Amino acid sequence: MTISQALRLRRSLLAERLPNRPVLLFSGRERARNYPGNSYPFRASSHFLYFAGWNHPGLTVLLEGGRAVLFYDFPESEDVVWHGSGLSEQELKARFAFDEIRPSSRLSEVQGATSLPLAEAAEQLEVMGRVPDLTEDRELAEAVVFLRLDHDACAQQQLRQAGRATVQAHRAGMAATRRGATEWQVRAAMDFELIQHGMPHSYQPIVTRDGQVLHNNAHENTLIDGDMILADFGAETLEGWAADVTRCWPVSGRFSQRQREIYQVVLKAQQEAIKAVKPWAEFRHIHLLAARVLTEGLIDLGLLVGKPDDLVERGAHALFFVHGLGHLLGLDVHDMEDLGDLAGYAEGRHRSPQFGLCYLRLDRTLKPGMAVTIEPGFYWIDRLLDDPEVLKPFADCVRPDVIQAYREVKGIRIEDDLLVTEQGHENLTPGLPTTLEEVERAVTGAVTASRS
Ligand SMILES: [Mn+2]
């Protein structure tokens, strides 16, 4: 399925769900870096990309009855001097299946259109000097969520592409890791792979020895023996589809005993969770399954004491596994999170107030065509584990003396991307070192032959 076929299909499916309702979608504006002539790299709104395909700023598309009208001003001669003439009308129509292209001045003729609840929409229209009758539309948002949850053949291809480039980047990061290198140097080796694929990141990379800081985007540290890299790093294809993968590996090429123990526990939780990914499974149950497997492992190691089910119900595991098991994946790395929990939570379901569970981003029944991440983790977060007030409610089930011995583990997360299929699931990020032995071999270089 080509991109233009996919775009036509998506537009007609939207028209089927919302007949007689014209919809305006906006690509968004370039963001100035202090002054307009120097902008941040542009990335169009994902809803726009899904239906219009063209990653270009300042665009509006009108979807009506399955047709797509692009509002676009072809560059004037001064623009051509600086930026080139860009795609011609014929090229735009052929590549993105636009039925018609109108100058943006004709946007004012659009009557009674709705759009998604995006601040971006109002802002872009204001810049164009024209605000048509535009209302926020919950039914439209629900229809878009319905369609974007179910990845078509074109989207699946894109997700696989993003996955493949991401796997190569992680392998390159493992191979480039050595004592005395900086985190930046490891990241550079990973970036090199993406750039070779012509792909940007799908989110700000995490490549750090301090994986216990959950969203740590700094790379200044010099690596020493005993450190472990946590890399949460994903590619985005040219059409905008994301991968999201995390691996951890030891700088020395050998995990320490404590790292090894915890890594095995997290890996088992991940593997059990992946096995449970299939149509009609409840993602919340898979999250709780992973929490239970992790808790059993921590009981075996002596960090926790008690019955696994009781501990999970009380949220004791969340002292270490603070976040949710995963999230939707698609054009956004947390797909459609711009719509709040409308995509992540099925109708009538809401976030739990409990610490840990409140960070679960997905509570839906899995269906074929959905893509999700599976990413359990263990974190030694001193703000939590050194605080007697935090530990107090768990005084009967945590062993502070044993916990202290695992401080050196810092953060371990193992994350893969899964497509739900009729038969169960497809791993979109296969072939990445995952077991302790595979990871150690990849760091020490014994795995280079399999990269060709
Ligand atoms: Mn993720």
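Residues numbered from 1 in each chain as written. Predicted model: local features only at pLDDT ≥ 70, side-chain atom pairs only at ≥ 80, totals over all residues.

### Overview of the overall build of the protein
- Counting its secondary structure elements, the protein contains 15 helices and 16 strands.
- Relative to the 2.2 N^0.38 estimate, which gives 22 Å for 452 residues, the radius of gyration of the protein is 24 Å and therefore close to what a compact globule would have.
- Along the first, second and third principal axes, the C-alpha atoms of the protein reach 70 × 50 × 45 Å.
- Classification of the 452 residues of the protein by burial places 43% in the buried group.
- Within the protein, contacts between residues at least 6 apart in sequence are counted, and of these 72% link residues at least 24 apart. (Helix = DSSP H or I, 4+ residues; strand = E, 2+ residues; numbered from the N terminus. Rg over C-alpha atoms; globule rule 2.2 N^0.38 Å. Buried ≥ 20, exposed ≤ 12 C-beta atoms within 10 Å, placed from the backbone. Contact = placed C-beta atoms within 7 Å.)

### Quick look at the sheet that holds strand β10 (residues 228-233)
- Spatially, three strands are ordered β9-β10-β11 in an open sheet, and the strand pairing comes out antiparallel. Only two strands of the sheet have a single partner each, and these edge strands are β9 (206-208) and β11 (245-250). Strand-to-strand twist across the sheet, computed as the mean angle between neighbouring axes with direction ignored, equals 10°.
- In this sheet, β10 lies alongside β9 in antiparallel orientation, the contact comprising three bridges. Paired with Ile206 across the strands is Asp232, a residue of β10. (Pairing = 2+ DSSP bridges. Axes fitted to C-alpha atoms, helices over the stretch in contact; angles between N-to-C directions.)

### Observations concerning the packing of helix α1 (residues 3-17) against helix α6 (residues 138-149)
- Between α1 and α6, the least distance of the axes is 10 Å, while the angle of their chain directions is 140°. The angle between α1 and α6 places the two elements in the oblique class. The chirality of how α1 crosses α6 is right-handed. From α1, Arg10, Leu13, Leu14 and Arg17 reach across to α6, where they touch Ala143, Phe146 and Leu147.
- Per-class residue counts for the contact of α1 with α6 are five nonpolar, no polar and two charged. (Parallel < 35°, antiparallel > 145°, perpendicular 65-115°, else oblique. Left-handed = near helix turned anticlockwise from the far one by under 90°. Nonpolar A, V, L, I, M, F, W, Y, C, P; charged D, E, K, R; others polar.)

### Remarks on the nonpolar core
- Of all hydrophobic cores here, the largest spans 120 residues; its most connected members are Ala52, Val61, Val266 and Val372.
- Sorting elements by how many residues they give to this core places helix α7 (residues 153-176) first, with nine residues.
- Both domain 1 (3-149) and domain 2 (153-451) contribute no fewer than three residues apiece to this core. (Core = buried A, V, L, I, M, F, W, Y, C linked by C-beta atoms within 7 Å. Domains from an automatic or database assignment.)

### What to know about unusual backbone geometry
- One non-glycine residue with positive phi stands out, namely Trp280, at about 75°.
- The topology assignment puts Trp280 in the loop between α9 (257-275) and α10 (283-301).
- On the basis of neighbour count, Trp280 is assigned to the exposed category, with 9 C-beta atoms found within 10 Å.
- Residues other than glycine seldom take positive phi values, yet Lys410 does so here, at roughly 60°.
- Looking at where Lys410 falls in the secondary structure, it is placed in the loop between α14 (400-404) and β14 (411-413).

### Brief notes about the environment of Leu87
- On the secondary structure map, Leu87 appears in the loop between α3 (77-83) and α4 (89-96).
- Each C-alpha atom, one on Leu87 and one on Pro75, is 9.8 Å from the other, the two residues being 12 residues apart in sequence.

### Examining the packing of α9 against α10
- With their axes 8 Å apart at the nearest point, α9 and α10 run at an angle of 155° to one another. Judged by the inter-axis angle, α9 sits roughly antiparallel to α10. The way α9 lies across α10 gives a crossing that is right-handed. Only Ile286, Leu289, Ala290, Val293, Leu294, Gly297, Leu298 and Leu301 of α10 make contact with α9, whose side of the interface consists of Glu261, Val265, Val266, Lys268, Ala269, Glu272 and Ala273.
- Taken together, the residues of the contact of α9 with α10 sort by class into 11 nonpolar, one polar and three charged.

### Regarding the sheet that holds strand β16 (residues 425-427)
- Reading across from one edge, β12-β15-β16 is the order of the three strands in this open sheet, with antiparallel pairing throughout. Of all the strands in the sheet, the pair left with one neighbour each is β12 (371-374) and β16. When strand polarity is set aside, the average angle formed by the axes of neighbouring strands in this sheet is 35°.
- Here strand β15 (residues 416-420) pairs with β16 via three bridges, running antiparallel. Bridging from a neighbouring strand, Val420 pairs with His425 of β16.

### With respect to the confidence of the model for the protein
- Averaged over all residues, the pLDDT of the protein equals 93, while 94% of them reach at least 70.
- For residues 447-452, every residue scores under 50 in pLDDT, and the model assigns this stretch five contacts once sequence neighbours within four places are set aside. (pLDDT = per-residue confidence, 0-100.)

### Description of helix α15 (residues 436-444)
- Looking only at α15, the buried set comprises Val439, Glu440, Ala442 and Val443. For α15, the angular spread of buried residues about the axis comes to 160°, placing them on one side.
- Phi turns positive, to about 100°, at Gly445, one or two residues after α15. (Arc of directions from axis to C-beta.)

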